[in-house]
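Take a look at the letters that make up each chain.
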2 protein chains.
Amino acid sequence: MNKKENILIIGAGLCGSLLALRLAQRGCNVTVYESRPDLRTTDISAGRSINLALSDRGFKALRLAGVEKKARKICIPMYGRLIHDIQGNTFSSNYSGREGESINSISRGDLNGILLTEAEKYDNLTIHFNSKCTAVDIENNTATFKNYQTKEVFTKNADVIFGTDGAGSILRKSYYLEHKFLFSYSQNYLTHGYKELEIPADANGNHQISKDYLHIWPRGDYMLIALPNLDGSFTVTLFLGHEEGVYNFKQLDSEAKITDFFKTQFPDALKLIPNIAKEFANNPTGALGTVKCSPWQYQGKTLLMGDAAHAVVPFYGQGMNASFEDVTVFDTLLDEYDDNWETIFKTFQKIRKPDTDAIADLAVENYFEMRDHVSNPLFKEKRKIEMVLEKTFPKTYFSKYSMVTFNEDISYFEAMKKGRAQDKAILNLLDDGELNDTNLNVILKKVQEATNAILEDDKIAGLK
Amino acid sequence: MNKKENILIIGAGLCGSLLALRLAQRGCNVTVYESRPDLRTTDISAGRSINLALSDRGFKALRLAGVEKKARKICIPMYGRLIHDIQGNTFSSNYSGREGESINSISRGDLNGILLTEAEKYDNLTIHFNSKCTAVDIENNTATFKNYQTKEVFTKNADVIFGTDGAGSILRKSYYLEHKFLFSYSQNYLTHGYKELEIPADANGNHQISKDYLHIWPRGDYMLIALPNLDGSFTVTLFLGHEEGVYNFKQLDSEAKITDFFKTQFPDALKLIPNIAKEFANNPTGALGTVKCSPWQYQGKTLLMGDAAHAVVPFYGQGMNASFEDVTVFDTLLDEYDDNWETIFKTFQKIRKPDTDAIADLAVENYFEMRDHVSNPLFKEKRKIEMVLEKTFPKTYFSKYSMVTFNEDISYFEAMKKGRAQDKAILNLLDDGELNDTNLNVILKKVQEATNAILEDDKIAGLK
């Protein structure tokens, strides 16, 4: 590619800073504008510590940019879910039957900081903070910014502009509003929202509950989850209906109601969250939405990437990983197509869109599974059998979750297609009492045959 | 319901004028504003005659409003598809194996005129033409209009406002832009667009090809269809890629290319369309999009209905029928919930949304089936068997198409769910050579059992 290319990146979040780093490594002249202050020197967390689950697709991209080791140092491995029932009993459900496979709790801010620091080592890369993009002119390839500190408004042009400006992307908005082409667009909200709370560290700075798990309190219509932080605390997230259901955010409008809700529904968690009512009232209620759109690019001059192109709900722990994987895929196309940006951009979307659509749909599905299915007997039995199959046949058997989370060489789309068929096969075999055999080879063979039959039947019916 | 209620309806298209008529019949005070001139006295067709396929769900709603007979008088029944291959051979494929079941070609303008004339018979109903809605204030329940003739701008309030203002609805836009609530919204375009052309009547005013069929020229990546008009002409629609494929709208930019395209791809049709190149150049190219959104209502004061709530692509011939069915369903809720508008509106969406989502998805699916599957041997064999089953077991067997088109008492959602399972069952039984039996009772039983097994397997797997 032409190394003199001037590249402008809107947004220095996780995707934008990794993309900037990688393009700088390839010799491009990169300028990044970020609306927020530098998170390495300013506390912009509003008192809350946001963590995410990093897994193999994310690591692959970080490896490409040479920052995997730095990221691993601030990870806390979680090997499974620890389910808390309403009586306070707990039972664990591993993510994989293979040794050592884990998802990893990591601070969004700390990881972002690592990427920014790495990126700034390159002379051919500059990052400007406090610069909010207010408009993109997609015909003239210019972006306008407002500096929050100086109040200055300025316009920059570039050979190529990347919109890695997240779910509320200004570049995507200009695609939508300018009507230069037919723009397919969807924003779909769940009826549930979320609120973050905190389980603090104990007096010695240690975790009050096991840090080796992602904790879940599933209650059918709502649930609580908790991920560990390095400082001994947990970030807790309540998922609850905005207005629907017996309990909902709208109705929990007094200290008494909030305390009562936790006392009856999450008694063990309540003991770990001091000042629950105050935290509940002070922290904002967030919306949970999926964004899909097409096209992602215009005339080989602007491209959406990461959440700006495909925001997903958090229930598969893949939002960040999918955005990082965008960079991996994009990087291979830079090798393949030199500096033919329009071909690179079009090919990128062609390859990538079925996969980001798939992870978006899987994430919404998992929202129902996490709330509900973890307490459904048939689904529990399926998990058990899958753990045994993965343990016994570690190189042969992969659950849908494993394909999505631990197999970065299987695309999200393939993982979804095969994983859904496999889930359906196992559930129906279980329901028919067909998996009572003691010989695991027989069970594996039955599952494989039923999965292939399902895929074949769908194919004959012309289904994807 | 409170008969004094002041109701404002934005849009006097097919859905708006039927809704207005029905609410006037129930005694409401109804005022309707329509952006276009009165189509009964002004030719607004831009020289083209637009026709649609009216079927049983549409007739049911027209019956409720007492206008079924008037509509039937201007219908041309089409009993099946007449497929034209590239050599000019034709073969027919009936819509149903039952006697007399047809879809019906009808002029959009003439049908709309009937509804307007009926509506205006009511003293408690007024229709204002040339009044374009420019904004709706959903907090204060007012709508602003501009009169195209007088240039006057005026604002009206009402107890209840209905947005039956089509795919580009201004009420829906205000839901989207005002950010008063989480508004899920999607607009999805197909890569294909359409262009209307005309086969004129012969010198004696007769149809040049059979008027008993919907004609299709399927060519895989593109197709031509034609529906008959009362004056002996046919309205022809070309569906073709905007920019993709060997032939596409962008590339057909000269008289020579257009004529060559028709000469090689649709030679028999070309003979029937004089001045093809001129018509092609003069008539606009339209986009094909699906719109879904939620919620449809706000605070029991405004409600989207028809295309404004759920625009679909035309490939199942159900857009108008679905909008008319909205009125049928809405009418039953007026009986049930008196004048509790918020309950009526919420219940309306709860009942109706799964059905309008289903017909939207079925219409997109049929786009691929019409282009492609009509020439796929396995699909052809399926159609044949289904025709025989419907003829032999007219009260027992219904194809997916029949359930959607001729069975107004089965919801679109149920028709989709059962129809898809049935299609999959037949295609797989055919592929396995399981339907070679000469005893039709055996075949019917096999299809029914396989269909039920598919539905049961999906249910166990937690799929809808």
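What you are looking at is a predicted structure, and each value in this text was computed from that prediction instead of being measured.

Thresholds applied
- Along each chain, residue indices are assigned from 1 in the same order as the chain's sequence is written.
- The naming scheme follows written order: chains are lettered A onward, ligands numbered 1 onward.
- Side-chain atom pairs in this predicted model are given and counted only at pLDDT of 80 or more, local residue features only at pLDDT of at least 70, and totals for whole chains, interfaces and linings cover all residues.
- As a rule here, side-chain values come from all non-hydrogen atoms in the structure, and water together with hydrogens is ignored.
- Residues are treated as being in contact if the distance between any of their heavy atoms lies within 4.5 Å.
- What gets called buried area is simply the loss in accessible area from a 1.4 Å probe that two parts show on being joined, summed for both.
- What qualifies as a polar contact is a pair of N or O atoms within 3.5 Å, subject to a donor-acceptor requirement within protein and to the restriction that residues adjacent in sequence count only when both atoms come from side chains.
- A helix here means a DSSP run of H or I that spans at least four residues, while a strand means a run of E at least two residues long, and both kinds are numbered starting from the N terminus.
- Residues are sorted three ways: Asp, Glu, Lys and Arg are charged, Ala, Val, Leu, Ile, Met, Phe, Trp, Tyr, Cys and Pro are nonpolar, and all the rest, Gly among them, are polar.
- Only strands joined by at least two bridges in the DSSP assignment are considered to pair.
- Should a side-chain nitrogen of Lys or Arg be within 4 Å of a carboxyl oxygen of Asp or Glu, the pair is scored as a salt bridge.
- Throughout this description, buried means an accessible area under 20% of the type-specific maximum (1.4 Å probe, protein chains only), exposed means over 50%, and partly exposed covers the range between.
- Values of pLDDT, which run from 0 to 100, indicate the predictor's confidence residue by residue.
- For every element, the axis is a line fit to its C-alpha atoms; helices are fit only across the contacting stretch, and the angle between N-to-C directions ranges from 0 to 180 degrees.
- Those domain boundaries reflect an automatic or database domain assignment.
- A residue counts toward the fit only if its pLDDT is at least 70 in both copies, and the copies are then superposed by least squares on the C-alpha atoms of those residues.
- Each Phe, Tyr or Trp ring, with Trp reduced to its six-membered ring, pairs with another whose centre is within 6.5 Å; inter-plane angles below 30 degrees give stacked pairs, above 60 give edge-to-face pairs, and intermediate values give tilted ones.
- Counting as a charge over the ring demands two things of the Lys NZ or Arg CZ atom: a distance within 6 Å of the ring centre and an angle within 35 degrees of the ring normal.
- In plain words, nonpolar cores are sets of buried Ala, Val, Leu, Ile, Met, Phe, Trp, Tyr and Cys residues tied together by side-chain atoms within 4.5 Å.

Many structure descriptions define interface size as the accessible area lost when the parts assemble. On the chain B side, the residues contacting the 23 residues of chain A number 23 residues. Taken as a group, L182, K424 and I460 of chain A account for 27% of the area that chain A buries against chain B, more than any other trio of residues on that side. Counting across the interface, chain A meets chain B through ten residue pairs in polar contact (both at pLDDT 80 or more). Counting residues per element, the ones that place at least two in the side of chain A that touches chain B are β13 (184-199), α12 (377-392), α14 (412-431) and α15 (440-460) of chain A. In terms of residue class, the side of chain A that touches chain B is made up of twelve nonpolar, six polar and five charged. Looking at chain direction, β13 of chain A and strand β13 (residues 184-199) of chain B are connected through three bridges and run antiparallel.

This next bit is on the pattern of salt bridges. Using the criterion set out here, one finds 61 salt bridges over all chains in the structure. Note that E434 of chain A and K446 of chain A form a salt bridge whose closest N and O atoms lie 3.3 Å from each other. Taken as a pair, E434 of chain A in the loop between α14 and α15 and K446 of chain A in helix α15 lie far apart in primary sequence, twelve residues in all. Since its relative accessible area comes to 35%, E434 of chain A is described here as partly exposed. Of the charged contacts, one joins E342 of chain B and K346 of chain B as a salt bridge, the two residues approaching to 3.5 Å between their closest N and O atoms. Of the two residues, E342 of chain B and K346 of chain B both sit in helix α11 (residues 341-371), four residues apart, roughly one turn of that helix.

Here we take up the confidence of the model for chain A. With 97% of its residues at a pLDDT of 70 or more, chain A shows a mean pLDDT of 94. Scored as a whole, the predicted complex attains pTM 0.94, and scored at its interfaces, ipTM 0.91.

Residues and elements named next belong to chain B. A sheet is described by the order of its strands in space; here three strands give the open sequence β3-β7-β4, paired in antiparallel fashion. Of all the strands in the sheet, just β3 (51-54) and β4 (76-78) have a single pairing partner and so form its edges. The mean inter-strand angle of the sheet, taken between neighbouring strand axes irrespective of direction, is 35°. One ladder, built from three bridges, connects β4 with strand β7 (residues 103-107); its direction is antiparallel. By the bridge assignment, P77 is partnered in β7 with N104. Contacts from helix α10 (residues 319-337) reach β3 and β7, with the element oriented near 60° to β3.

With that settled, consider the domain arrangement of chain A. Residue and element names in this part refer to chain A. Entries for chain A in the domain assignment read domain 1 (6-76 + 104-187 + 288-367), domain 2 (188-287) and domain 3 (376-460). On a C-alpha basis, the centroid separation for the pair domain 1 and domain 2 is 30 Å. Each partner contributes residues to the interface: domain 1 has 19 residues there, and domain 2 has 21 residues. Of the roughly 1800 Å² buried where domain 1 meets domain 2, counting both sides, 60% is carbon and sulfur surface. Between domain 1 and domain 2 we count zero salt bridges in total. For the pair domain 1 and domain 2, the interface holds seven residue pairs in polar contact (both at pLDDT 80 or more). Only β3 (51-54), β13, β17 (286-294) and α11 (341-371) provide two or more residues apiece to the side of domain 1 that touches domain 2.

Quick look at the relation of the copies chain A and chain B now. Once chain A is rotated about the relating axis by 180° and shifted along it by 0.0 Å, it coincides with chain B to within an RMSD of 0.0 Å. What we have between these two chains is a two-fold relation. Closest approach to the rotation axis within chain A is made by the C-alpha atom of S186 of chain A, at a distance of 2.0 Å. When the interface residues of chain A are mapped onto chain B, 100% of them are again interface residues, pointing to one common binding face.

Turning to the packing of aromatic side chains, a few remarks are in order. The final tally for this structure, using the stated rule, is 66 aromatic pairs over all chains. Aromatic side chains Y95 of chain A and Y401 of chain A sit 4.9 Å apart centroid to centroid with 15° between the ring planes, which places their arrangement in the stacked category. With a gap of 306 residues between them, Y95 of chain A in the loop between β6 (90-94) and β7 (103-107) and Y401 of chain A in helix α13 (residues 400-406) connect regions that are remote in the sequence. Ring pairing ties together the aromatic residues Y175, Y176, F181, F183, Y185 and Y298 of chain A together with Y175, Y176, F181, F183, Y185 and Y298 of chain B, which thus form one cluster. Residue placement shows R57 of chain B over the ring face of Y412 of chain B; its charged tip is 4.2 Å from the ring centre.

In terms of nonpolar packing, the biggest core is built from 147 residues, with F162 and F330 of chain A together with F162 and F330 of chain B touching the most fellow members. When near neighbours in sequence (up to four residues on either side) are disregarded, F162 of chain A contacts I7, L8, I9, I10, L19, L23, L303, M305, F330, W341 and F345 of chain A.

Each α-helix winds once per 3.6 residues, and so residues spaced three or four apart point in a common direction. Every buried residue of helix α2 (residues 56-64) of chain B is accounted for by R57, G58, F59, A61 and L62 of chain B. Looking at the residues trailing α2 of chain B, positive phi occurs at G66 of chain B, about 75°.

Residue and element names in this part refer to chain A. Counting through the fold element by element, S93 comes out in strand β6. Owing to a relative accessible area of 19%, S93 belongs among the buried residues under this scheme. Distance in space between the C-alpha atoms of S93 and H215 is 10 Å, their sequence separation being 122 residues. With residues near it in sequence (within four places) discarded, S93 still touches G80, R81 and R383.

Quick look at the sheet that holds strand β18 (residues 297-298) of chain A now. Residues and elements named next belong to chain A. Read across the open sheet, the six strands follow the order β8-β2-β1-β12-β19-β18; overall the sheet is mixed. Two strands bound the open sheet, and with one partner strand each, they are β8 (125-128) and β18. Taken together, the five bridges between strand β1 (residues 6-10) and strand β2 (residues 29-33) define a ladder with parallel strand orientation. Bridging across to β2, L8 finds its partner in T31. On top of the sheet, helix α1 (residues 14-25) reaches β1, β2, β8 and β12 (160-163); it is set at about 165° to β1, its chief contact.

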